[in-house]
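# Close look at the chain arrangement
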Amino acid sequence: MPEPSIEAAVAAAEQDGLRFLLRVRLVVLAVVALWLVTNYAPRRLALGLLAVAAFALSGVAQYQLGRRWGRPVFWAGVFTVLEVALLVVVVLAPFTFPEDWPPQMQLRLVTAFYLFIYVAGTVLSYSPSLVVWTGVLTAVAWGVGHHVMLRLPGTVTVRGPLIDTPGLSPTGSLAMYLDPRFVSNAAWRTQTVLLLLLTLILAAAVIRSRNLLRRQVADHLARANLARYFSPNVVDVLASGGPTGTAARHQRVAVLFADVRGFTRISESIGAVRTMAFLQGFHERVTHVIFQHGGTLEKYIGDAVMATFGTPMSGPDDASRALRCAVTLAAETSRWSAERVADGEVPVEIGIGAHYGDAVVGSIGDGQRLDYLVIGDTVNVTSRLERLTREMDAQIVVTDELVTQVRAEGTAADGLLHRFTPRGEVRVAARDQPIRVWTAQRGQQGPL
């Protein structure tokens, strides 16, 4: 699949993730502010609300810079440096402690959990690099803050776990731990390891999500490419059920053939290059009309096209959709022809044949290559009907079987039948039994 398209989808997911992260951050900060208002004294409340406002402004600023100047992950990473520094200062600085309380008491508070919440939030950014950058930066900043606390006057500490300190009794360990100036090296190491483990897990989760996104985008592009060769309804069946979903079977379908009249003469008069442009314009209009009516585009045959209705799965209005498609296609071609004449180009006329009956529908081929085909007498008859339009001087020729089925379906297409005239039985080449046909002359279709 085209790598730029996949990476563009990932970049868009990052942008959406950062926008979602901003929304979640603002909600979380609002909850924190509400918690501060309901649980803290005015002096502590003012400083807490100031910190909340700073984080909110930082989130909005980095998002807006990313939208305006691009590289949103870069700007998020830049602001992460400032935010981590602010967060560590808020957690460790004893702004709201009584003057006779030692600052080491800050490490006894649960505010260190904000570090983990901050790192966890980056998973919403959909950027593993931002997750790793934030986690490592937070661990480093927390280590710097811890060592600052260790160097404060009067700090009491030991290397390693306090309970395992040689020569220190359990009572002595407890007394040291209860000392308000005690700083635990073991606690800092545990917090650092947990921060890094959390970062690793979150980064792995984001990488896995991005890989899933890449696969989804690749599948979408593959499906779009497949739709260039198959109709959307066939692509849906192939994508969901594979070849087994289109195994060959007998079913009743409506078949439509459309062909440009006098194509040899047109191509001779306009040259090869303009002929290709002409065919492209014809195919685009035919394809649009067929898909608009839920049909399956079977194949282009030069200046002709074959479509089916009721494939790969039968529906309650297959014949009605085929009839409506035929009338719409005739009207669309008339409009296109008028546009061409106004532009000084040659006019366009088409003949359309439509029939309803049994056919073999499904994938046919070997294990390496399959073709999705509709074959049988119904297809052969429809092809002959399109040729009959020249002999009968009609734009559309349909069979009595199609008309009968349209009436049986009882849809709005039944109202189109007044445009058709019964022409009795006719014989078609390579078929013994005659068929009863109805025709619509040029100019009888009008708007739907």
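Whatever comes next refers back to the structure up there.
Numbering of residues starts from 1 in every chain and runs along the sequence as written. Reporting of local features is limited, given that this is a predicted model, to residues whose pLDDT is at least 70; pairs of side-chain atoms are given and counted only at 80 or more, and all residues count toward the totals for whole chains, interfaces and linings. Excluded from the side-chain calculations are hydrogens and water; all other atoms, namely the structure's heavy atoms, are used.

## Here we look at the side chain of Gln-106
What counts, and what does not: Helix and strand assignments follow DSSP, with helices taken as H or I runs no shorter than four residues and strands as E runs no shorter than two, numbered in order from the N terminus. Each polar contact in these results corresponds to two N or O atoms within 3.5 Å; when the atoms are within protein, one needs to be able to donate a hydrogen and the other to accept it, and residues that are neighboring in sequence are counted only if both atoms are side-chain atoms.
Locating Gln-106 in the fold gives a position in the loop between α3 (72–92) and α4 (113–121). Of note is the side chain of Gln-106, whose polar atom sits 2.5 Å from the backbone oxygen of Val-91.

## Considerations on the pattern of salt bridges
Here is the rule: Salt bridges are defined by distance alone: a side-chain nitrogen of Lys or Arg within 4 Å of a carboxyl oxygen of Asp or Glu. Exposure classes here rest on a 1.4 Å probe applied to the protein chains alone. A residue is buried below 20% of its type maximum, exposed above 50%, and partly exposed in between.
Per the stated rule, a full pass over the model turns up 13 salt bridges. Glu-83 is the salt-bridge partner of Arg-25, the closest N and O atoms lying 2.7 Å from each other. Taken together, the residues span a long stretch of sequence, with Arg-25 in helix α1 (residues 3–39) and Glu-83 in helix α3 at a distance of 58 residues. For Asp-358, the salt bridge is made with Arg-252, and the minimal N-O distance between the two is 3.3 Å. Of this pair, Asp-358 sits in strand β4 (residues 350–365) while Arg-252 sits in strand β1 (residues 249–260), placing them 106 residues apart in sequence. Judged by its relative accessible area of 46%, Asp-358 falls in the partly exposed class. Taking relative accessible area as the criterion, Arg-252 reaches 38% and is therefore assigned partly exposed.

## Structural notes on the nonpolar core
Our working definition: Residues grouped as a nonpolar core are buried Ala, Val, Leu, Ile, Met, Phe, Trp, Tyr and Cys residues, joined through side-chain atoms within 4.5 Å. Should any heavy atoms of two residues lie within 4.5 Å, those residues are counted as being in contact.
Formed by 41 residues in total, the largest nonpolar core has its most connected members in Phe-278, Ile-352, Ile-396, Val-398 and Leu-402. Beyond its immediate stretch of four places on either side in the chain, Ile-352 contacts Leu-256, Phe-257, Ala-258, Ala-326, Leu-329, Ala-330, Glu-386, Thr-389, Gln-395, Ile-396 and Val-397.

## Section: empty space enclosed by the protein
Condition: The method works on a 1 Å grid over the protein atoms by themselves. A cavity is a set of points holding a 1.4 Å probe that cannot get out, a pocket is an open set with protein on both sides within 12 Å along at least five of seven lines, and residues with an atom within 4 Å of a point line them. Grid points are joined across faces, edges and corners, and a volume is the space filled by probe spheres set on the points. Residue polarity is assigned by list, with Asp, Glu, Lys and Arg as charged and Ala, Val, Leu, Ile, Met, Phe, Trp, Tyr, Cys and Pro as nonpolar; anything else, Gly included, falls into the polar class.
Taken as a whole, this structure holds 1 cavity of 30 Å³ or more when the rule is applied. Taken as a whole, the largest cavity holds about 100 Å³ of empty space. Surrounding the largest cavity, Leu-18, Leu-21, Leu-22, Arg-25, Gly-59, Gln-62, Tyr-63, Gly-66, Pro-72 and Ala-76 form its lining. Those elements that place two or more of their residues in the lining of the largest cavity are α1, α2 (42–69) and α3. Residue composition of the lining of the largest cavity, grouped by class: 6 nonpolar, 3 polar and 1 charged.

## Some thoughts on the packing of helix α10 (residues 318–342) against helix α12 (residues 400–409)
The condition is simple: Every axis in this analysis is a line fitted to C-alpha atoms, fitted for helices over the stretch in contact. Angles between the N-to-C directions lie between 0 and 180 degrees. In this scheme, a crossing is called left-handed if the near helix is turned counterclockwise away from the far one by less than a right angle; it is called right-handed if the turn is clockwise.
Across the interface, α10 lies against α12 with an axial gap of 8 Å and an inter-helix angle of 115°. You can see that α10 and α12 cross each other, and the crossing is left-handed. From α10, Asp-318, Ala-319, Ser-320 and Leu-323 reach across to α12, where they touch Leu-402, Gln-405, Val-406 and Glu-409. Taken together, the residues of the contact of α10 with α12 sort by class into 4 nonpolar, 2 polar and 2 charged.

## Details of the packing of aromatic side chains
The line we're drawing: Here a pair means two rings of Phe, Tyr or Trp (six-membered ring of Trp) with centres within 6.5 Å. Their orientation is stacked below 30 degrees between planes, edge-to-face above 60, and tilted elsewhere.
Evaluation of the coordinates by the stated rule reveals 4 aromatic pairs. Ring plane angle 20° and centroid distance 5.4 Å describe the contact between Phe-278 and Trp-336, whose orientation is recorded as stacked. Taken together, the residues Phe-278 in helix α9 (residues 263–292) and Trp-336 in helix α10 connect sequence positions 58 residues apart. Classification of Phe-278 by relative accessible area gives buried; the value is 2%.

## Some details on the environment of Ser-337
Tracing the sequence through the fold places Ser-337 in helix α10. Here Ser-337 falls in the buried class, since its relative accessible area comes to 9%. The residues contacting Ser-337, other than those within four sequence positions of it, are Pro-347 and Val-348. A distance of 3.0 Å separates a polar atom in the side chain of Ser-337 from the backbone nitrogen of Val-348.

## Re a nonpolar patch on the surface
Operational definition: Here a patch means residues that are over 30% exposed by relative accessible area and free of salt bridges, tied together within 9 Å if like-charged and within 5 Å if nonpolar (Val, Leu, Ile, Met, Phe, Trp, Tyr). Only the protein chains shown count as covering a residue, and every accessible area follows the Shrake-Rupley method with a 1.4 Å probe.
On the surface, a nonpolar cluster with roughly 460 Å² of combined accessible area is contributed by Val-132, Val-136, Val-140, Val-144, Val-148 and Leu-196. At 5 residues, the largest contribution of residues to the nonpolar patch is made by helix α5 (residues 128–150). The topology assignment puts Val-144 in helix α5.

## So, α12
Our working rule: To be clear, the arc concerns the directions from the helix axis to the C-beta atoms.
Taken together, the buried positions of α12 are occupied by Leu-402, Val-403, Val-406 and Glu-409. Angularly, the buried residues of α12 cover 125° about the axis, an arc narrow enough to put them on a single face.

## What about the packing of α4 against α5?
So the rule is basically this: Should an angle lie under 35 degrees it is considered roughly parallel, over 145 roughly antiparallel, and from 65 to 115 roughly perpendicular; all remaining angles are considered oblique.
Where α4 contacts α5, the two axes come as close as 9 Å, and the packing angle between them is 160°. Of the possible angle classes, the one that applies to α4 and α5 is roughly antiparallel. Here α4 and α5 pass one another in a crossing that is right-handed. Listed contacts from α5 to Leu-115, Tyr-118 and Val-119 of α4 are Thr-134, Gly-135, Thr-138 and Trp-142. The residue makeup of the contact of α4 with α5, split by class, is 4 nonpolar, 3 polar and no charged.

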